[in-house]
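Coordinate analysis (summary)
Each chain, letter by letter, is given below.
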Amino acid sequence: MLSYIIRRVLLMIPTLFLVSLVSFTIIALQEHFNGDFVSQLKLNPQVSPETLERYAKNLGLDQPWYVRYGKWLYGIVGKPTVDLSFPFVHFQPMDFGYSFEKRQPVGDLIMQYLPITLLITIPTFIFVWLVALPLGIYSATRQYSLGDHSLTLFSFVGLSIPTFFSALVLLFVLTNLGYPAVGGIFSQPYIAGSPWPWHWNWNKFVDYLAHLWPAVLVIGAAGIAGLQRVMRGTLLDILGSQYVQTARAKGVAERIVIYKHAVRNAINPMISIFGQSLPAFVSGSLLAAQVLNMPNLEIFYFQSLQPPDEYVVVTVLLFFALFLLIGNLIADILLAWVDPRVRYE
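Residues numbered from 1 in each chain as written. Predicted model: local features only at pLDDT ≥ 70, side-chain atom pairs only at ≥ 80, totals over all residues. Heavy atoms only, no water.

This part takes up the overall build of the chain. Along the chain, the regular secondary structure elements total 13 helices and two strands. In terms of overall dimensions, the chain has a C-alpha envelope of 85 × 60 × 45 Å along the principal axes. Here the chain holds 345 residues, and the buried ones make up 42% of them. Sequence separation of 24 or more characterises 70% of the internal contacts of the chain that already satisfy a separation of 6 or more. When the accessible surface of the chain is split by element, carbon and sulfur atoms take 68% of a total near 19200 Å². (Helix = DSSP H or I, 4+ residues; strand = E, 2+ residues; numbered from the N terminus. Buried < 20%, exposed > 50% of the residue type's maximum accessible area, 1.4 Å probe, protein only. Contact = heavy atoms within 4.5 Å. Areas by Shrake-Rupley, 256 points an atom, 1.4 Å probe, with all protein chains shown as cover.)

Now for the packing of aromatic side chains. Applying the stated criterion across every chain, the model contains 19 aromatic pairs. Each ring, one from F24 and one from Y311, has its centre 6.2 Å from the other, and the planes form 50°; the classification is tilted. In this pair, F24 sits in helix α1 (residues 2-34) while Y311 sits in helix α13 (residues 310-338), placing the two residues 287 residues apart along the sequence. The same class applies to F24 and to Y311, which are both buried. Relative to F205, the ring of W200 has its centre 6.5 Å away and its plane inclined at 40°; by these criteria the two rings are tilted. Given the relative accessible area of 15%, W200 is considered buried. An aromatic cluster is present here, built from F17, F24, Y69, W72, F100 and Y311 joined pairwise through their rings. Looking at K204, its charged tip hangs above the ring of F186, at a distance of 4.8 Å from the centre. (Phe/Tyr/Trp six-rings, centres within 6.5 Å; stacked < 30°, edge-to-face > 60°. Lys NZ or Arg CZ within 6 Å of the ring centre and 35° of its normal.)

Now for unusual backbone geometry. A positive phi is found at R103, a non-glycine position, where the angle reads about 60°. Tracing the backbone through its elements, the reader meets R103 in the loop between β2 (89-92) and α4 (106-141). In this structure, Y144 is a non-glycine residue whose phi angle is positive, near 65°. Along the chain, Y144 turns up in the loop between α4 and α5 (146-160). Classification of Y144 as exposed rests on a relative accessible area of 60%.

Attention now moves to the nonpolar core. Judged by nonpolar contacts, the single largest core of 36 residues is most densely connected at W72, I110, L297, F300 and V316. Those elements that place two or more of their residues in this core are α1, α2 (49-59), α3 (65-77), α4, α12 (297-303) and α13. Ranked by residues supplied to this core, first place goes to α13 with twelve residues. Filtering out sequence-adjacent residues up to four positions away, L297 remains in contact with I110, Y113, L114, T117, V316, F319 and F320. Listed in part, the 29 residues of the second largest apolar core include V128, V244, L278 and L335. (Core = buried A, V, L, I, M, F, W, Y, C linked by side-chain atoms within 4.5 Å.)

Distances and angles like these do not, on their own, reveal function.
Structure (structure tokens):
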């Protein structure tokens, strides 16, 4: 298993390289036909051509796209410095370029938005899976009952209502009820502090929980509805299989039949979905986060598209691809752990 994990991690490198290359190429094509970041200044008659030329040179936009991509990639891999300490050649990696609009290094901006994204995504992800799996099992084991019909209605409603609409409704209700922690991820006294949890005190943690649950509820509703339906359908297929019927005919207790045999096999497709759902929570909450005023990584990405802040766009896409690869790797490891038939050696 260890060798398999190492191979998968090494394969992430060319995958991320291809993602960055394709992303940079598409952005370069957009800039070619629609104009780059400096093009908007051309509409201002007070800006002279000399100023535009100097501005483009400072941003590196006077160079071909492949030259800019090469320099950006070189900054990520690392800039070598030579000194007398072993191993004599040292690298300073993770320079993701410079944001045209924010006038800051992209890496610093990512570190500002990434904690908020993780503080929303991780609790939502855990909440969705802890709720969806038991509901799916309950619905499948009580097929066509009142509870099953009620959960089916809930799933259809959850899948059909857009997240931005449910966020607006929840925001309206909480505002009219006078709930103090509406919008944002922290109250005003705690916004200026570090968003990383290890810099918090108890009061900030309580304030975070008070602001968190509306976002978890809104973003997680559609995820719970979808996963619950998948779990129900998969478990129903397993419960109708021959070996389950044989176990029941032999007098095996229903609880053992369901949880030791049926659920254990029905969970395998859910683990595969697990790897794909992780980046979906990271990159699929734009509208809800916009309504609830939660500055996550996706809002930062959306704001950087027009006009294209190319280093920001490519770097955020690289992080989204990394989340997908990590999610799939975790799913494969969990699948081998749950199902003894799966082997990667």
